[in-house]
Amino acid sequence: MTAKIFRKLGCLLLILMLVLAVGCSSNSNDPDPNQNNDPITEDPAGESKGPVEGGVAKVIQAAGPVVLGWAPDFGPTDYSFAMIAAEPLLAVASDRTLEGVLAESFEEDPENKTITFYLRKGVKFHDGSDFNADVVIWNAEMGRKYARIASQDVDYIEKVDDYTVVYHLNNWTNQMLEGMGIALQFSKEAFEANGGEEGGGIEWARANVVGTGPFVLKEFNRDNNLIFEKNEDYWGEGPYLDGIEMIFVPEATTAMAMLEAGQAHMWSGAQPQHQKELEEKGFVRQHGWAGIQYMIVPNTVREDSPFKDKRVREALEYAIDKQALCDVLGYGYSDPLNTVAPKGDWGGDKEFRNYDPEKAQQLLIDAGYADGLEVTLMAAAAGGGRNETAEAIASMLDKVGFKTKLDIADSSRMAGAMFGPEGWQDLILGYAGQDATYLTSTTRWWGHEALAYASMHKPEEFLDLCRQSILLPDREDQKAITEEIVYYMAEEAMVIPLFESKTSFMRCKELHTDYMDQGMTRWRVNVMWLEQ
C-alpha cells in the first residue's frame, strides 16, 4: 500500500484515543505563528487581560505517552505530548490553512513534483545543537526507514543549502504537504550522543524528547506525570509559563475533583456529562473547529451481508432519530449530521434522509425482511462496560423490524475492527475526524488508500473520484470533488451519519490558551499563560 505520509495511521489513532476518552500553492509570506500578531487579550470565556509571566500549568490527561521522541513508533496520543517540546516545519492555522513554524515558508510544484521548505535560521535544539537542513533530512530518513508505514512517493530529499530542503517526489498529490509539514523535528545530535541507531539511541528517544520548542523535558514518570520547564532560549514569543505538568488521571471523578479543588488548571478528555457539571460551576468549556463525527458503517463486503441491499442501508438511517440522540446523550454539545462531513464543511450541508420510522419499516419489508432482520452492532465499551449511544440506536432499530444484538468491544478489539483487515460482522458504531480540509478527511478515512473500515465496499466509480481528488492543485476544484465524493457516499448510504461532537476540554478561568483553535495537531503552549 502506498501511503501519503508516515503518520497517516498515527493521525487516525490519535482520534481513536480522543473518542474513547470522550492548488499549486506558494506561500512565501506566511504569518509567524509564534509572534503575537493578535495578542491574546480576549478569551473564549470573555475575560479581557494581557498575558503575564509565571506559574506552572497543570493539565490532566487520562493516560500518558508510550513514546516521547521517536516518531516512527508514535502511538495514538504520543504526538500530543511531544509537541510541548518539539515543533514541526508547518502547522495548521486557525483558518485551516498551513503556516510556517520551523519552516519560514514553503513551495509546492506539482508539475515538477517537488516540495521545498525554506527553514528558519538561528533556531537551536534544547541541547544547543543547530536546527538546519541536515537535521530535517535526518528526521525524514529515520521516518522512512523505521516507520510502520513508509512513503513510496518520495524519490529523494535534496539539501540545497543549510536552510533549504527540497523533496523530489515520484508522485505529487495535494495530501503530501501537510503530512510532511506537521512532522515534529528532533535533535540528531542528542540521538547520536545517546547511542544512535545501533547503541541504544532508539530506546533512549522513546523516553526522551529534545526539540526546539518552548518547553524542555525535565521528568517523565511513566503512568504518573510529565514535567516540562521553560526554555529560556526559545526562539519565538514566550513562553510565559515557568512550566507545564501533565498529570495522568484515568478516573473521571478524581480528575473532576482535582479541577474543582484547584489542583489542576485544565482537563483534556472530560466526558459531556462532566463538562456540563463543570460549566455550571463556572469552568470554561473550550473547543475549536475540529470535531469527531460518529456514524454507523455497514459491512457491505461480506457476500451474504444483508447490507449489500441499499434499501436495508437506507432503512438504518430512516430508523434513527439523530436529534433525539443529541438531545438525550449529547448534553447540548452534539449536532446531527447530514453526511459524513460536518455541517459547514465541504459536503456537510445537503440533506438526504430524515427520521421516518414508517419508511424504514417499509424498506425492510420491501427488501424481504417482513419478519425482521437479526443484526449485530459493534461498539466501543465506555464507562461500566456499556455504550449508551449503541443501546439507544439498538432500541430505535428494533422498533422498525431490526433485531439488534450489541457487541461491546474493548479498545483493542475496536481498533482492530476499525483499522484492521478483518473488519466487523454486520454494523459498527464508528467515527471519523476532521482535518484542515475535508478532502484530507475523505482521503484518510474513506478513500482508495484509507486505513479504516475494511468491511465497507467501495464501488469503482467512487474509487475513481477519490483517485482524481488528490491530483487537483486548485482549492475550488478540491472542494467541488470532495462534495461529489461525500454526496456519492450519502446517496448510496455507504455510511449512516449520526452526529458530531466538537473536540473540547475544560479549564479554569485563570488559564488562558488558544488550544483547539488550530485543530488537534497543534498546541501553542508558548502563548499559554496563567493569571497570577
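The following refers to the structure shown. Keep in mind that what you see is a predicted model, and the values were worked out from it rather than measured. (Residues numbered from 1 in each chain as written. Predicted model: local features only at pLDDT ≥ 70, side-chain atom pairs only at ≥ 80, totals over all residues. Heavy atoms only, no water.)

Quick notes on the pattern of salt bridges
As a reminder, the rule being used: The salt bridge definition used is simple: a Lys or Arg side-chain nitrogen within 4 Å of an Asp or Glu carboxyl oxygen. Any residue under 20% of the maximum accessible area for its type is buried, any over 50% is exposed, and the rest in between are partly exposed; the area is computed with a 1.4 Å probe on protein chains only. What counts as a helix is a DSSP run of H or I of at least four residues, what counts as a strand is a run of E of at least two, and both are numbered from the N terminus.
Evaluation of the coordinates by the stated rule reveals 27 salt bridges. D130 serves as the salt-bridge partner of K124, at 2.4 Å between the closest nitrogen and oxygen. You can call D130 partly exposed: its relative accessible area is 39%. Among the salt bridges present, the one from R524 reaches D514, with a minimum N-O distance of 2.7 Å. Highlighted residues: R524 in the loop between β21 (511-512) and β22 (529-530) and D514 in the loop between β21 and β22, separated in sequence by 10 residues. Of the two residues, R524 and D514, both sit in the buried class. Linked by salt bridges that have partners in common, E314, E317, K322 and R353 make up one network.

Concerning unusual backbone geometry
Residue P239 is bonded to the preceding G238 through a cis peptide linkage, with omega at 0 degrees. Locating P239 in the fold gives a position in the loop between β12 (225-230) and β13 (243-248). The phi dihedral of K113 falls on the positive side, at around 60 degrees, and the residue is not glycine. A relative accessible area of 34% means that K113 is categorised as partly exposed. Not every positive phi belongs to a glycine, and D223 is a case in point at roughly 70 degrees. With respect to the secondary-structure elements, D223 resides in the loop between β11 (215-221) and β12.

Describing a negative patch on the surface
What counts here: Patch membership is restricted to residues that have no salt bridge and whose relative accessible area is over 30%. Joining uses 9 Å for like charges and 5 Å for the nonpolar side chains Val, Leu, Ile, Met, Phe, Trp and Tyr. Residue-level accessible areas treat just the shown protein chains as cover; the underlying method is Shrake-Rupley with a 1.4 Å probe. Under this rule, positive means Lys or Arg and negative means Asp or Glu; His and the chain ends count for nothing. Note that the charge is assigned to NZ on lysines, CZ on arginines, CG on aspartates and CD on glutamates.
Together, E53, E229, E232, D233 and D242 give the surface a local cluster of negative charge. Taking the relative accessible area as the measure of exposure, E53 reaches 56% and is therefore exposed.

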